[in-house]
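Single-letter residue listing:
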Amino acid sequence: MSKDYYEILGVPKGASKDELKRAFHKLAHKYHPDKNKGDDKKFKEVNEAYQTLSDEKKRAQYDQFGSAGPGFNQGGFQGGQGGFGGFDFSGFQNGGGVEFDMGDLGDIFGDFFGGGMRGSGQRTQARRGRDISTELHISFSDAVFGVSRKILFTKQSHCDTCKGNGAQPGSGSETCSKCNGQGQVHETRRSFLGAFSQVVTCDECTGSGKIPKEKCHSCKGVGVKRKEEEVEVHVPAGIKDGEMIRMTGMGEAVAKGTAGDLYIRILVKPHHIFKRHGTDLTMTLDIKLTDALLGSTYPIETLDGKIEMKIPEGINHGEILRIKGKGVPHGAKRGDILVTIHIKLPTKLSKKAREEIEKLKEEGI
């Protein structure tokens, strides 16, 4: 029975190569047998359709005769010995270990074989150390104005003796015999499709193509050592609780590569008076009823020191007074302190105080 390859891929008959490729990648990812809910039968069918339509000669023959025409069998276009969707895997199943260019399938199979399939001419990515994280507790005041702190922690660092190259100083280096200075070797991996030759970083020279003539006596040629290190952290003014500071290159080191990053999570201790809202600081102030009626001054302990704040007469409970320029710095400016007034009412009254209040009541106050 003739198969409709265009319908299988979900593309129109005049679809371009890019449209075919996008449709194939989407469906191949969806039906790959190694994925949860994958479908081996549909995966083979999608692959068969793509390998036919992506080849101009095969596509022209298919458009004229269909999949039941000359040159086609039940496995797709004839071109291999019992091939999988147009590919000949016989060499891999016999353990030949021949290098195989996956082409468009490289992106897909790379998800399951631990990194993409690479051609022999492509260099591997530079090695990079692991990112690490820690926490730093600071006071509320330090978060507002900024502070510098030193932290001590243990991490993988470049060896001080060989500076990370693994060679004893003065010994020099030589070409790696395992990869012949290429920095890469071919590694055979097996899957349900057979054996594939994959280009991987040489583990002997870690991709550099060179090995030390004499290994460093301090790190045994590894290039890195685990040691205690002190780092000075500059906490910027106005930082918020939970924010992260990133220190590039201060993470774990790796031999013949770049170090990872250090992430420091800032934890700000609560203040006993103030709370922060953006660049403003908020607080509440309890005042006496008589001070609310007649006005007064109250001492306020700001982060810059003590000041006297004037309470206007006749102020209401819940009103907010503003102290300008004493909040959180932002650029050349600073936020304000917002003071919410709480009028404390007496729970007990003396005889004289009651008499005076009765008089006020008579006056309608």
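Here, the structure is the one placed above.
A brief report on the enclosed structure follows. (Residues numbered from 1 in each chain as written. Predicted model: local features only at pLDDT ≥ 70, side-chain atom pairs only at ≥ 80, totals over all residues. Heavy atoms only, no water.)

With that settled, the discussion passes to the overall build of the chain. The helix and strand inventory of the chain stands at nine helices and 19 strands. Taking all 365 residues of the chain together, 38% fall into the buried category. Counted over contacts in the chain with a minimum sequence separation of 6, partners at least 24 positions apart contribute 62%. A total of about 21800 Å² of accessible surface is found on the chain, and carbon and sulfur atoms cover 47% of it. (Helix = DSSP H or I, 4+ residues; strand = E, 2+ residues; numbered from the N terminus. Buried < 20%, exposed > 50% of the residue type's maximum accessible area, 1.4 Å probe, protein only. Contact = heavy atoms within 4.5 Å. Areas by Shrake-Rupley, 256 points an atom, 1.4 Å probe, with all protein chains shown as cover.)

Sheet architecture is open: four strands sit in the order β12-β13-β19-β16, paired in mixed fashion. Bordering the open sheet on either side are β12 (275-277) and β16 (320-323), each of which pairs with just one other strand. When strand polarity is set aside, the average angle formed by the axes of neighbouring strands in this sheet is 35°. For β16 and strand β19 (residues 337-344), the ladder comprises four bridges, and the chain directions are antiparallel. Its bridge partner being in β19, Ile323 is matched across the sheet by Ile337. (Pairing = 2+ DSSP bridges. Axes fitted to C-alpha atoms, helices over the stretch in contact; angles between N-to-C directions.)

Here we take up the environment of Thr302. Mapped onto the elements of the fold, Thr302 is located in strand β14 (residues 296-302). For the pair Thr302 and Lys326, spaced 24 residues apart in sequence, the C-alpha separation works out to 7.3 Å. In terms of polar contacts, Thr302 uses its side chain to reach the backbone amide nitrogen of Asp304, at 3.1 Å. Looking at Thr302, its side chain comes within polar contact range of the main-chain oxygen of Gly305, at 2.6 Å. (Polar contact = N/O pair within 3.5 Å; in protein donor to acceptor, adjacent residues only side chain to side chain.)

On the basis of which strands lie adjacent, the open sheet formed by three strands has the order β3-β11-β10 and mixed pairing. Sheet topology places β3 (132-138) and β10 (244-247) at the edges, where each strand pairs with a single neighbour. Across the sheet, the mean angle from the axis of one strand to that of its neighbour is 25°, orientation sign disregarded. Examined bridge by bridge, β3 and strand β11 (residues 262-268) share seven bridges and lie parallel to one another.

Attention now goes to the packing of helix α2 (residues 17-31) against helix α3 (residues 40-53). One way to put it is that α2 packs onto α3 with a least axis distance of 9 Å and a crossing angle of 165°. Taken together, the axes of α2 and α3 are roughly antiparallel relative to one another. The crossing of α2 and α3 is left-handed. In this structure, α2 uses Leu20, Lys21, Phe24, Leu27, Ala28 and Tyr31 to contact α3, whose residues at the interface are Asp40, Lys42, Phe43, Val46, Asn47, Tyr50 and Leu53. In the contact of α2 with α3, the residues fall into nine nonpolar, one polar and three charged. (Parallel < 35°, antiparallel > 145°, perpendicular 65-115°, else oblique. Left-handed = near helix turned anticlockwise from the far one by under 90°. Nonpolar A, V, L, I, M, F, W, Y, C, P; charged D, E, K, R; others polar.)

Note that all results are geometric; they support no functional claim without further evidence.
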